[in-house]
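# Structure at a glance
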Amino acid sequence: MSLEPFNLYPDFNIVRLSHVNFSVTDLARSRAFYSDTLGLQITDEDSEHIYFRAMEERGHHCMVLTKSDVAEVRSLSFKVFSEVDLDKAAEYFRALEHSVEWVDRPYQGRTFRTHDNAGIPLEFYFKMDRLASIHQKYALYHGVKPLRIDHFNCFSSDVDKSVSFYNKMGFRTTEYTEDEESGRLWAAWMHRKGGVHDMAFTCGRGPRLHHTAFWVPTPLNIIDLLDLMATTGYVANIERGPGRHGISNAFFLYVLDPDGHRIEIYCSDYQTVDPDNEPIRWNLKDPQRQTLWGAPAPRSWFEHGSLFSGVSVEEPVVTASPIIAP
Ligand code: DHY
């Protein structure tokens, strides 16, 4: 299969990814990780939930933690441009015969829950409470100084199908990895907001969430986080990096939260707003696509992911192994 043209005029207008809701098994332990170590700002909390935003964000939350017996992902949320777009989006999913359920979400206006082609639970809304800006309240900055949520990356058992589904909603592919032997996509990076991605897919047992990424000011913030994690009991939570990706050209680090949800710390990719921006193709066998400097990713990076609540997982259709490390 080759890349389909994306839909330049989709039925509804998604602005960007917005927030993730994780089930976590120990709220206090996760609070210490996300607030004290990563430096996200708490915007509300009670005995069951914690809401966070990053330093540049004016919306109330980019992450919600919900106390639970199992560590899972409850939903990935996207913001649409207007209430008209929200109703068009609901109609779009209904026409596909995907369930559409209107749900109450604190600090958000009308919100509906549905799922993508693989079953990934998605929520759409157009309005969230706006908070006073804190991006110049430098006294509040700590940890890795997270500025904003940047993207989701999901394991997909059929990346061609996932890309086609998101293409139709107006997501544009910026870079992709092809398995030359089968001619199928192995991974793809797709955006709405004008960076390399809001959503990416990686071949694997899916659907599962591979990671959620936060944009930070500079690579030095990533080095500082490594020093902090290495000396505060989190050395085993450092999984991959630091490094420079081939794909996206961003500086990166992958860490695992106390429940094993993977977080990417991400810095300086490039602008992709031109509608005629040509996708960059990579070969699965090229070791520089993952890390420009050649260092292989560990096996766990290809295998470990977070389950979506109530969603069953399938084996991937592409069986080529990307693992270079022993
Ligand atoms: C890559 C992974 C990401 C990302 C950009 C590029 C490439 C890779 O390591 O496979 O998570 O954000």
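Identification of the protein as 3,4-dihydroxyphenylacetate 2,3-dioxygenase from Acetobacter sacchari is taken from an unreviewed UniProt entry. Looking at the Sequence similarities (unreviewed entry) heading of the UniProt record, one finds this comment for the protein: "Belongs to the extradiol ring-cleavage dioxygenase family." Turning to the protein, the UniProt annotation filed under Cofactor (unreviewed entry) states: "Fe(2+)".

Now for empty space enclosed by the protein. Throughout the structure, instances matching the rule amount to 2 cavities of 30 Å³ or more. Taken as a whole, the largest cavity spans an internal volume of roughly 150 Å³. Considering the residues around the largest cavity, the lining is formed by 18 residues, among which Asn 153, Trp 189, His 245, Tyr 254 and Trp 301 are closest to the centre. Of all the secondary-structure elements, those providing two or more residues to the lining of the largest cavity are β9 (148-156), β11 (184-191) and β16 (262-267).

An α-helical turn contains 3.6 residues, so a residue and the one three or four places further along point in the same direction. In this model, helix α4 (residues 219-230) (12 residues) spans 17 Å end to end at C-alpha, consistent with the 16 Å of a helix rising 1.5 Å per residue. For α4, the set of buried residues is Asn 221, Ile 222, Leu 225, Leu 226 and Met 229. End-on, the buried residues of α4 take up no more than an arc of 145°, which puts them together on one face.

As a further point, take the site of the ligand. Taken together, 14 residues are adjacent to the ligand, and His 211, Arg 240, Tyr 254, Glu 264 and Gln 290 come closest. Contact distances for the ligand include 3.1 Å between an oxygen atom and a side-chain N or O atom of His 151. Look at the ligand: alone it shows 320 Å² of surface, and the protein chains cover 99% of it. More than half of the atoms of the ligand fall within 2 Å of the grid points belonging to the largest cavity.

Moving on, we come to the packing of aromatic side chains. Inspection of the entire model under this criterion finds 26 aromatic pairs. Between Tyr 166 and Phe 201, the aromatic rings sit 5.1 Å apart at their centres with planes inclined by 55°, giving tilted as the arrangement. A residue pair is termed long-range when its members are at least 10 positions apart, and Tyr 166 in helix α3 (residues 159-168) and Phe 201 in strand β12 (residues 199-203) qualify at 35 residues. Taking 6.0 Å as the distance between ring centres and 65° as the angle between the ring planes, the aromatic pair formed by Phe 251 and Trp 293 counts as edge-to-face. Taken as a pair, Phe 251 in strand β15 (residues 251-256) and Trp 293 in the loop between β17 (280-283) and α5 (299-303) lie far apart in primary sequence, 42 residues in all. Looking at Trp 293, the relative accessible area reads 55%, which means it is exposed. By the ring-pair criterion, three or more aromatic residues cluster together here, those being Phe 12, Phe 78, Tyr 92, Phe 93, Trp 102, Phe 112, Phe 124, Phe 152, Phe 165, Tyr 166, Phe 171 and Phe 201. Above the ring of Trp 215, the side-chain terminus of Arg 148 is found at 4.4 Å from the ring centroid. Between Arg 240 and the ring centre of Trp 301, over which it is positioned, the NZ or CZ distance is 4.8 Å.

Time to look at the nonpolar core. Within the largest apolar cluster, 86 residues are counted, with the highest numbers of intra-cluster contacts made by Phe 22, Tyr 34, Met 63, Leu 76, Phe 78, Phe 124 and Met 199. The dominant element in this core, judged by the number of residues it contributes, is β11, at 6 residues. Apart from residues lying up to four places away in sequence, Leu 76 is in contact with His 19, Val 20, Ile 120, Pro 121, Leu 122, Glu 123, Phe 152, Cys 154, Met 199, Leu 209 and Phe 308.

Under the defined criterion, the tally for this structure stands at 19 salt bridges. A salt bridge links Arg 29 to Asp 259, with the shortest nitrogen-to-oxygen separation between them at 3.8 Å. Separated by 230 residues along the polypeptide, Arg 29 in helix α1 (residues 27-38) and Asp 259 in the loop between β15 and β16 bring together distant segments of the chain. Taking the shortest distance from any N to any O, the salt bridge between Arg 110 and Asp 87 comes out at 2.8 Å. Highlighted residues: Arg 110 in the loop between β6 (101-103) and β7 (111-115) and Asp 87 in helix α2 (residues 83-95), separated in sequence by 23 residues. Each of Asp 158, Asp 160, Lys 161 and Arg 184 takes part in salt bridges that share partners, so that together they form one network.

We now examine the sheet that holds β6. Strands sit in the order β2-β3-β4-β1-β5-β8-β7-β6 across an open sheet of 8 strands; the sheet is mixed. The open sheet terminates on both sides in strands that have one partner only, identified here as β2 (41-45) and β6. The mean angle between the axes of side-by-side strands here comes to 25°, regardless of whether they run parallel or antiparallel. Relative to strand β4 (residues 63-67), strand β1 (residues 14-24) runs parallel, the two being bridged by 5 bridges.

Here we come to unusual backbone geometry. For the bond from Gly 206 to Pro 207, the omega torsion is 5°, close enough to zero to count as cis. Summarising the element assignment, Pro 207 is placed in the loop between β12 and β13 (208-215). Put simply, Gly 241 and Pro 242 share a cis peptide bond, and its omega is 10°. By the secondary structure assignment, Pro 242 is in strand β14 (residues 238-244). The phi dihedral of Glu 97 falls on the positive side, at around 60°, and the residue is not glycine. For Glu 97, the position within the fold is in the loop between α2 and β6. Owing to a relative accessible area of 73%, Glu 97 belongs among the exposed residues under this scheme. Even without being glycine, Ser 248 reaches a positive phi, approximately 85°. As for its position among the elements, Ser 248 is in the loop between β14 and β15.

Parameters at a glance
- Residues numbered from 1 in each chain as written.
- Predicted model: local features only at pLDDT ≥ 70, side-chain atom pairs only at ≥ 80, totals over all residues.
- Heavy atoms only, no water.
- UniProt positions renumbered as here; feature names shortened; annotations may be inferred.
- 1 Å grid on protein atoms, 1.4 Å probe; cavity = no way out; pocket = protein on both sides within 12 Å on 5 of 7 lines; lining within 4 Å.
- Points joined across faces, edges and corners; volume = space filled by probe spheres on them.
- Helix = DSSP H or I, 4+ residues; strand = E, 2+ residues; numbered from the N terminus.
- Expected span 1.5 Å × (residues − 1).
- Buried < 20%, exposed > 50% of the residue type's maximum accessible area, 1.4 Å probe, protein only.
- Arc of directions from axis to C-beta.
- Near = heavy atom within 4 Å.
- Polar contact = N/O pair within 3.5 Å; in protein donor to acceptor, adjacent residues only side chain to side chain.
- Areas by Shrake-Rupley, 256 points an atom, 1.4 Å probe, with all protein chains shown as cover.
- Sits in = over half its atoms within 2 Å of the grid points.
- Phe/Tyr/Trp six-rings, centres within 6.5 Å; stacked < 30°, edge-to-face > 60°.
- Lys NZ or Arg CZ within 6 Å of the ring centre and 35° of its normal.
- Core = buried A, V, L, I, M, F, W, Y, C linked by side-chain atoms within 4.5 Å.
- Contact = heavy atoms within 4.5 Å.
- Salt bridge = Lys/Arg side-chain N within 4 Å of Asp/Glu carboxyl O.
- Pairing = 2+ DSSP bridges.
- Axes fitted to C-alpha atoms, helices over the stretch in contact; angles between N-to-C directions.

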